[in-house]
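Residue strings, one per chain:
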Amino acid sequence: MNHIALKMLMGDKGKYLGIIMGLTFASLIMTQQPAIFVGLMARSYSFISDVALPDIWVMDSKVQFIDDIKPMQETELYRVRGISGVDWAMPMYKGLLKVRLADGAFQTCNVIGLDDATLIGGPATMLKGTLADLRQSDAVIVDIDGAKDKLSKPSPSAGQKNIPLQIGDSLELNDHRGIIVGIAKVTRTFQSQPVIYTTYSRAKTYAPRERRILSFILVKAKPNQDPYQLIERIKATTGLAAYTQQGFKELTYNYFMKNTGIPINFGITITLGFIIGTAIAGQTFYNFTLENLRQFGVLKAMGASNAQLLKMILLQAVLVGSIGYGLGVGLAALFGFAMRYSIMAFKLPWQLLVFSGLGVGFICIIAALISILKVIRLEPAIVFKN
Amino acid sequence: MNSAISCQNIIKTYNTDGQIVTALNGINVEIGLGELMMLVGPSGCGKTTLISIIAGILNQDSGQCLLFGEDFQALTNKEQLRFRAHNIGFVFQAYNLLPALNAIENVSVPLIINGTKRAIAEQKAKEILEQMGLSERMKALPAQLSGGQQQRVAIARALVHSPRLIVCDEPTSALDHKSGHIIMTLLKSIALKHDRALVIVTHDARIFNFADRIAEMDDGHIIKISTTTATETN
């Protein structure tokens, strides 16, 4: 009976493609929109992900997320270094500073000050130059997206594209000169501002003068030291907040989830997409069954059991569901691939594929169930009605 | 004459928008093995309801209908399906061929429903289509066939699993005289054997001479049964 089911399904190419397109659209919207959402949310903690070396991030206890900087006194660094179980502890400055560009315009940048000696917390991927070049006088490293876009120099010829910053170019940070010694690849942040790396001591000169300037203390636990126990010890000793990398990511993620309109806006889009996708695909598949009701009646009259017809409809639903899901996910992945160098956030983890797979499966099951009920209730005597 | 179908006092009503309509009102009819019986009468007289009950695709409200000695209504659902799949062949007015399947595939459907392997079913389908004179059109879809050819495919489908009862609903109504004659000749020569019965619902007076007996119905009753030699009243 399987080949009969498949032939019935594919016999009318127009309707068959209609069902496939409906499911493809549903699958696409259930994959692409959440992928943008996940990508966007991942950007909220992308800076934390990029700093891979430390086990623990220590900060002021009132910090709510990565960009919510509440500077600490530098003496806190020495207090943390003195706690047992700490292998090393390094300072990090993180702040938003205005950079004056070649054309006189100002651009707010994320300035990261790394420990002068170890440069811990620096970018993992250097495209040009090396991290050690930061030890040169007035040295700064900029991220490639910033160098190409927001920090780029105007072209000497009018109407031409801006020229990306190169090694040797200079910037003005709060009346201080910064010379570019490297170009790094960093994960885009939520605000997508250019990122400028420099040493901690130089960052202090760029930053407005404040009594407290230390943003984070990056801590490495000694070998065999349980990081969670160390976190408790740091909290108890200093009164500061301390998190593992994952814990700090979750703190940031939860802040954005709770305090921004992003989840609800995307939630509405995804829900609408799901409802529209379900309506289109479900309705098309149901209509397909309705239009074939007479054919099912003929099969029933000839002795086909409800179980046989049920298998046929399920096979049809599974097939169109699989094709629609594959195409939808494929298109979403293609979209993500095409946008990989753009500002658009897009992340497609396997969990999302499972989610959209379950969504499409749900649509198909609902459509198939409604259709099956119709076929089960069908009187085979329909075949004698003209 | 051994009885293929024996219906006693069949009553069937429909509930249409709260109104009870009696479609069959105490039908008694016997159809013998090797017999071709035609059911004739005006629209709405109950012909279709009667063949639906005879074919086991509709249950009567009361009365008893024995098909080859089996009380169909006493069978379980599963048994009814199996009985129908093995013993009854259908020929419909609108052919009711599956439009996405070609002639061979359409004809093989009853065998596949019975659990026959596809290759064997299609081989049998080819053989019967050759008998029907459709060797050149075996791969054609229904839409690519003429009305007469479609009806021949439908007859092949009704016969491929060697059923003992063949029910036909207006098999010639959509055909011209010549095609109708060919169809009836085929039906009578191939379908009708000593151990089978053929019931045809028709308005087409051009084919009455193919019948062994004609049951004339009106208002849910069989009012007259004619043979070539005599007429009986019910």
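Since the structure is predicted, the reported quantities are computational estimates derived from the model, not experimental observations.

Student: Which residues make up the overall build of chain B, and what values do they have?
Tutor: On a plain count of helices and strands, chain B comes out with 6 helices and 11 strands. Viewed in the frame of its principal axes, chain B has a C-alpha envelope of about 45 × 40 × 40 Å. Sorting the 234 residues of chain B into buried and exposed places 56% on the buried side. For chain B, the share of sequence-separated contacts (at least 6 apart) that also reach a separation of at least 24 residues comes to 68%. Element-wise, carbon and sulfur atoms account for 47% of the exposed surface of chain B, whose accessible area totals about 9,800 Å². The positive charge centre, built from 21 side chains, and the negative charge centre, built from 22, are 9 Å apart in chain B.

Student: Lay out the sheet that holds strand E1 (residues 3–16) of chain B in plain terms, naming residues and giving numbers.
Tutor: Residue and element names in this part refer to chain B. Strand order in this open sheet of 4 strands is E2-E1-E4-E5, and the pairing throughout is antiparallel. Each edge of the sheet is formed by a strand with only one pairing partner; in this case those strands are strand E2 (19–32) and strand E5 (70–71). Where E1 meets strand E4 (residues 62–67), 5 bridges bridge the pair, whose relative direction is antiparallel. Among the inter-strand pairings, cysteine 7 is bridged to a residue of E4, identified as cysteine 65.

Student: Explain a nonpolar patch on the surface to me, and be specific about the residues and the numbers.
Tutor: Residues and elements named next belong to chain A. Taken together, the side chains of Phe25, Ile264, Ile268, Leu272, Ile276 and Ile280 make up a nonpolar region of the molecular surface, amounting to roughly 530 Å² of accessible area. Broken down by element, the nonpolar patch gets its largest block of residues, 5 residues, from helix H9 (residues 262–291). The class for isoleucine 264 is exposed, based on a relative accessible area of 57%.

Student: Run through the interface of chain A and chain B, naming residues and quoting values.
Tutor: The interface is formed by 23 residues belonging to chain A together with 27 residues belonging to chain B. Overall, the association of chain A and chain B removes approximately 2,300 Å² of surface from exposure, summing both partners, and the carbon and sulfur fraction of that is 69%. The largest per-residue losses of area from chain A upon contact with chain B belong to His3(A), Met302(A) and Phe384(A), which jointly make up 35% of the total buried on that side. Summed over the shared surface of chain A and chain B, the result is 1 salt bridge. In this structure, Lys7(A) and Glu105(B) form a salt bridge, with 2.8 Å as the shortest nitrogen-oxygen distance. Counting the contacts that link chain A with chain B gives 5 residue pairs in polar contact (both at pLDDT 80 or more).

Student: Residue-level account of the pattern of salt bridges, with values.
Tutor: All names here are of chain A. Tallied over the entire structure, the rule returns 17 salt bridges over all chains. The partner of aspartate 55 in a salt bridge is lysine 220, with the nearest N and O atoms 3.4 Å apart. You can see aspartate 55 sitting in the loop between helix H3 (46–50) and strand E1 (56–59) and its partner lysine 220 sitting in strand E9 (residues 216–221), a full 165 residues away along the chain. A relative accessible area of 25% places aspartate 55 in the partly exposed class. With its nearest N and O atoms 3.6 Å apart, the salt bridge here joins aspartate 138 to arginine 177. With aspartate 138 in the loop between strand E4 (125–128) and strand E5 (139–143) and arginine 177 in strand E7 (residues 176–185), this residue pair connects regions lying 39 residues apart in the sequence.

Student: Let's hear about unusual backbone geometry: which residues, and what values?
Tutor: You will see that Asn174(A), though not glycine, has its phi angle at about 50 degrees, which is positive. Looking at where Asn174(A) falls in the secondary structure, it is placed in the loop between strand E6 (170–173) and E7. You will see that Asn96(B), though not glycine, has its phi angle at about 50 degrees, which is positive. Given the relative accessible area of 7%, Asn96(B) is considered buried.

Student: Please set out the environment of Pro380(A) residue by residue, giving values where relevant.
Tutor: Its place among the elements puts Pro380(A) in the segment after helix H12 (350–376). C-alpha of Pro380(A) to C-alpha of Ile366(A): the two residues are 14 residues apart in sequence and 24 Å apart in space. Apart from residues lying up to four places away in sequence, Pro380(A) is in contact with Gly297(A), Lys300(A), Ala301(A), Ile57(B) and Arg84(B).

Student: Requested: an account of the packing of aromatic side chains, with residues and values cited.
Tutor: Counted according to the given criterion, the structure contains 12 aromatic pairs over all chains. Ring centres 6.0 Å apart and planes at 10 degrees place the aromatic pair Tyr243(A) and Phe248(A) in the stacked group. A ring pair is formed by Tyr255(A) and Phe256(A), whose centres lie 5.9 Å apart and whose planes are at 85 degrees; its orientation type is edge-to-face. Overall, the relative accessible area of 5% leaves Phe256(A) in the buried class. Among the aromatic side chains, those forming a connected cluster through ring pairs are Phe47(A), Trp57(A), Phe216(A), Tyr243(A) and Phe248(A). In this structure, Lys94(A) is placed above the aromatic ring of Phe47(A), and the distance from its NZ or CZ to the ring centre is 5.3 Å. Positioned above the aromatic ring of Phe68(B) is the side chain of Arg164(B), whose terminal nitrogen or guanidinium carbon lies 4.2 Å from the ring centre.

Student: Help me get a handle on the state of the cysteines, residues and values and all.
Tutor: All names here are of chain B. Applying the stated criterion across every chain yields a total of 0 disulfides over all chains. Considering cysteine sulfurs only, cysteine 7 is the nearest to cysteine 168, which forms no disulfide, with 16 Å between them. What makes cysteine 168 buried here is its relative accessible area of 0%.

Student: Lay out helix H7 (residues 227–238) of chain A in plain terms, naming residues and giving numbers.
Tutor: Residues and elements named next belong to chain A. In a regular helix each residue adds 1.5 Å, so 12 residues correspond to 16 Å; H7 covers 16 Å between its end C-alpha atoms and thus fits that length. When H7 is considered as a whole, its buried residues turn out to be Leu230, Ile231, Ile234 and Thr238. On an axial view of H7, the arc spanned by its buried residues comes to 105 degrees, and they lie on one face. Exposed and oriented more than 90 degrees from the buried face of H7 are Tyr228 and Ala236. Tucked into the core, H7 has its buried residues touching E1, helix H4 (75–81), strand E2 (86–100), E9 and strand E10 (241–244). Residue glycine 239 follows H7 closely and has a positive phi angle near 80 degrees.

Procedures and definitions
- Residues numbered from 1 in each chain as written.
- Chains lettered and ligands numbered in written order.
- Predicted model: local features only at pLDDT ≥ 70, side-chain atom pairs only at ≥ 80, totals over all residues.
- Heavy atoms only, no water.
- Helix = DSSP H or I, 4+ residues; strand = E, 2+ residues; numbered from the N terminus.
- Buried < 20%, exposed > 50% of the residue type's maximum accessible area, 1.4 Å probe, protein only.
- Contact = heavy atoms within 4.5 Å.
- Areas by Shrake-Rupley, 256 points an atom, 1.4 Å probe, with all protein chains shown as cover.
- Lys, Arg positive; Asp, Glu negative; His and termini not counted.
- Charge placed at Lys NZ, Arg CZ, Asp CG, Glu CD.
- Pairing = 2+ DSSP bridges.
- Patch = residues over 30% accessible without salt bridge, like charges linked within 9 Å, V, L, I, M, F, W, Y side chains within 5 Å.
- Salt bridge = Lys/Arg side-chain N within 4 Å of Asp/Glu carboxyl O.
- Buried area = accessible area lost by both parts, 1.4 Å probe.
- Polar contact = N/O pair within 3.5 Å; in protein donor to acceptor, adjacent residues only side chain to side chain.
- Phe/Tyr/Trp six-rings, centres within 6.5 Å; stacked < 30°, edge-to-face > 60°.
- Lys NZ or Arg CZ within 6 Å of the ring centre and 35° of its normal.
- Disulfide = S-S within 2.5 Å.
- Expected span 1.5 Å × (residues − 1).
- Arc of directions from axis to C-beta.

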